[in-house]
Amino acid sequence: MYLPPHDPHVDDPMRFKPLFRIHLMERKCATVECMYGHKGPHNGHIQIVKKDEFSTKCNQTDHHRMSGGRQEEFRTWLREEWGRTLEDIFHEHMQELILMKFIYTSQYDNCLTYRRIYLPPSSPEDLIQPGLFKGTYGSHGLEIVMLSFHGKKAKGTKITGDPNIPAGQQTVEIDLAHPLQLPDIENLHDFSELSRIVLEVQEQVRREEQEREQRQEEEEHSQQAASQPASPLGGEGAEGEETAAGAEGTTQDKAPASQPFVLPMGVISRNEDYPRTCRICFYGTGLIAGHGFTSPERTPGVFVLFDDDRFGFIWLELKSFSLYSRIKVSFQNAQAPSREAFDEMLKNIQSLAT
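Reference entry: report on the structure contained in this document. Keep in mind that this is a model prediction, so the values were computed, not measured. Throughout this description, residue numbers start from 1 for each chain and increase along the sequence as written. Local features in this predicted model are restricted to residues whose pLDDT is 70 or higher, and side-chain atom pairs enter the listing and the counts only when it is 80 or higher, whereas totals over whole chains, interfaces and linings include all residues. Values shown for side chains rest on all heavy atoms present in the structure; no hydrogens or waters enter the calculation.

## Observations concerning the overall build of the protein
Scanning the protein from N- to C-terminus turns up 7 helices and 18 strands. Here a residue-residue contact requires only that any non-hydrogen atoms of the pair lie within 4.5 Å. Counting only contacts in the protein whose residues sit at least 6 apart along the sequence, the fraction spanning at least 24 positions is 55%. Method for areas: the Shrake-Rupley scheme with a 1.4 Å probe, in which residue coverage is limited to the protein chains shown. Of the roughly 19,600 Å² of accessible surface on the protein, a fraction of 51% belongs to carbon and sulfur atoms. Under the scheme used here, helices are H or I runs from DSSP no shorter than 4 residues and strands are E runs no shorter than 2 residues, and both carry numbers assigned from the N terminus.

And the structure:
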């Protein structure tokens, strides 16, 4: 098991915890041992389900239980998962979320399914190197997000989830065609000023989408369009101009001079040790939902690029800030065989989550 550092220390290294081990015997036989729990290795089972997928099952789940019952198990899990005790957590809502996570994860500790994850492919045009990042998610603690680039969009996909947004969902989407010009450092303290800027861009994006849909409808009813191959950008005009401007801005600002950055008053951050300078900001949307992934919706926000290994996202509606730090571990044989294979994997893990 590959665990993030204790909240909110996103720059700390990841933690490893063994879940099972296999002893290869003679005559192609093998024995499997479950490593979960605190009573040492015990009998387990592994089943190959299909290509790039297998499952493990513990045959002695009593080894996962503790003499002090669920209360002792919860306190032990809390120290390992969060590096603190329940008495250290004063916020009632945070206590509730942590308890929900413990109940959910402990239900499935005896039978787990593993599916292969590809690392995102990279190209010279990418804003930064794509990959895996640790991110702060308020009372949910630290979660793992995969940053990938898709033309004019960048996507942050949850590799680990929480009671609100499960793994596999697209937690943030960054519109690389719409860079944001932040106000000067004095006015940046004013949340209403930042909100005004972001909502203006949101309205601009909405109008451009409407215009694009109208052009597509006109082309579908046009015999001339039917006789010619469709443009991948849906025609020329306003969108073509906007795309060129956005692409130019992205290229120019790939390594610009740093500008001062500070969170507006009222925006909550789990980690106050965020960088005080940034390279560039973009308009984006973040996914929020109720418990159990109820009533999900995409809400406006600000993607803040600090450097090659750190970025942030301001959730406008939640008045919250997430800080992300790159996982600097080399994974062998993790590259996707093709862009199509990676896109298919993203689609599959999202369908599993829903």
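Resuming the write-up.
## A few points about the packing of aromatic side chains
By convention, a stacked pair of Phe, Tyr or Trp rings (six-membered ring in the case of Trp) has centres within 6.5 Å and planes under 30 degrees apart, an edge-to-face pair has planes over 60 apart, and any other such pair is tilted. Evaluated as defined, the whole model comprises 20 aromatic pairs. Each ring, one from Tyr137 and one from Tyr324, has its centre 6.0 Å from the other, and the planes form 80 degrees; the classification is edge-to-face. You can see Tyr137 sitting in the loop between strand 8 (131-136) and strand 9 (142-150) and its partner Tyr324 sitting in strand 18 (residues 320-326), a full 187 residues away along the chain. Through successive ring pairs, a cluster of aromatic residues spans Phe133, Tyr137, Phe282, Phe303, Phe311, Phe313, Trp315 and Tyr324. Whether a charge lies above a ring is judged from NZ of Lys or CZ of Arg, which has to be within 6 Å of the ring centre and within 35 degrees of the ring normal. The cationic tip of Lys17 hangs over the ring face of Tyr36; the distance from NZ or CZ to the ring centre is 5.1 Å. Positioned over the ring face of Tyr137 is Lys158, at 4.5 Å from the centre of the ring.

## Brief notes about unusual backbone geometry
Residues Asp7 and Pro8 are joined by a peptide bond in cis, for which omega reads 0 degrees. Here Pro8 lies in the loop between strand 1 (2-3) and strand 2 (15-16). Although it is not a glycine, Ser295 adopts a positive phi angle of roughly 50 degrees. By the secondary structure assignment, Ser295 is in strand 16 (residues 294-307). To sort residues, take the accessible area from a 1.4 Å probe on protein chains only and compare it with the maximum for the residue type: under 20% means buried, over 50% means exposed, and anything in between is partly exposed. Here Ser295 falls in the exposed class, since its relative accessible area comes to 65%. Even without being a glycine, Lys319 presents a positive backbone phi close to 50 degrees. Classification of Lys319 as partly exposed rests on a relative accessible area of 36%.

## Structural notes on the sheet that holds strand 5 (residues 42-50)
Strands were regarded as paired on the criterion that DSSP finds at least two bridges between them. Across the sheet, which stays open at both edges, the 5 strands sit in the order 3-4-5-6-7 with antiparallel pairing between neighbours. The sheet is open, and its two borders are formed by strand 3 (20-24) and strand 7 (111-115), each paired with just one other strand. Across the sheet, the mean angle from the axis of one strand to that of its neighbour is 30 degrees, orientation sign disregarded. Note that strand 5 and strand 6 (residues 53-58) share 6 bridges and pair antiparallel. By the bridge assignment, Ile48 is partnered in strand 6 with Phe54. To obtain each axis, a line is fitted to C-alpha atoms, and for helices this fit is confined to the stretch in contact; angles are then taken between N-to-C directions over 0 to 180 degrees.

## Quick look at the pairing of strand 9
Most of strand 9 is tucked away: 8 of the 9 residues are buried. Pairing of strand 8 with strand 9 involves 6 bridges; the strand directions are antiparallel. Pairing of Gly131 across the sheet is with Leu147, part of strand 9. Connecting strand 8 to the antiparallel partner strand 9 that follows it, the hairpin turn spans 5 residues, and Gly138 within it adopts a positive phi of roughly 55 degrees. Judged from the 6 bridges that link them, strand 9 and strand 10 (residues 153-158) form a sheet pairing that is antiparallel. Opposite Val145, over in strand 10, you have Lys158 as the bridge partner. Joining the antiparallel neighbours strand 9 and strand 10 is a turn of 2 residues, in which Gly151 adopts a positive phi near 65 degrees.

## Regarding the side chain of Ser322
Counting through the fold element by element, Ser322 comes out in strand 18. By relative accessible area, Ser322 is classed as buried at 2%. Under this definition, polar contacts are N or O atom pairs within 3.5 Å; protein pairs additionally need one hydrogen-donor-capable and one acceptor-capable atom, and for neighbouring residues in sequence, both atoms have to be side-chain atoms. There is a polar contact of 2.8 Å between the side chain of Ser322 and the backbone oxygen of Thr136. At 3.0 Å, the side chain of Ser322 and the side chain of Trp315 are in polar contact. With residues up to four places along the chain from it excluded, the contact list for Ser322 reads Thr136, Phe311, Gly312, Phe313 and Trp315.

## Considerations on the packing of helix 1 (residues 69-82) against helix 2 (residues 92-107)
Put simply, helix 1 and helix 2 touch, their axes get as near as 11 Å, and they point 105 degrees apart. Taken together, helix 1 and helix 2 sit at an angle that is classed as roughly perpendicular. Here Arg70, Glu73, Phe74, Trp77, Leu78, Glu81 and Trp82 of helix 1 lie close against helix 2, whose contacting residues are Met94, Ile98, Leu99, Lys101, Phe102, Thr105 and Ser106. Counted by class, the contact of helix 1 with helix 2 contains 8 nonpolar, 2 polar and 4 charged residues. Note on terminology: angles under 35 degrees are roughly parallel, angles over 145 are roughly antiparallel, angles of 65 to 115 are roughly perpendicular, and the others are oblique. Just so you know the grouping, Ala, Val, Leu, Ile, Met, Phe, Trp, Tyr, Cys and Pro go in nonpolar, Asp, Glu, Lys and Arg go in charged, and all remaining residues, Gly too, go in polar.

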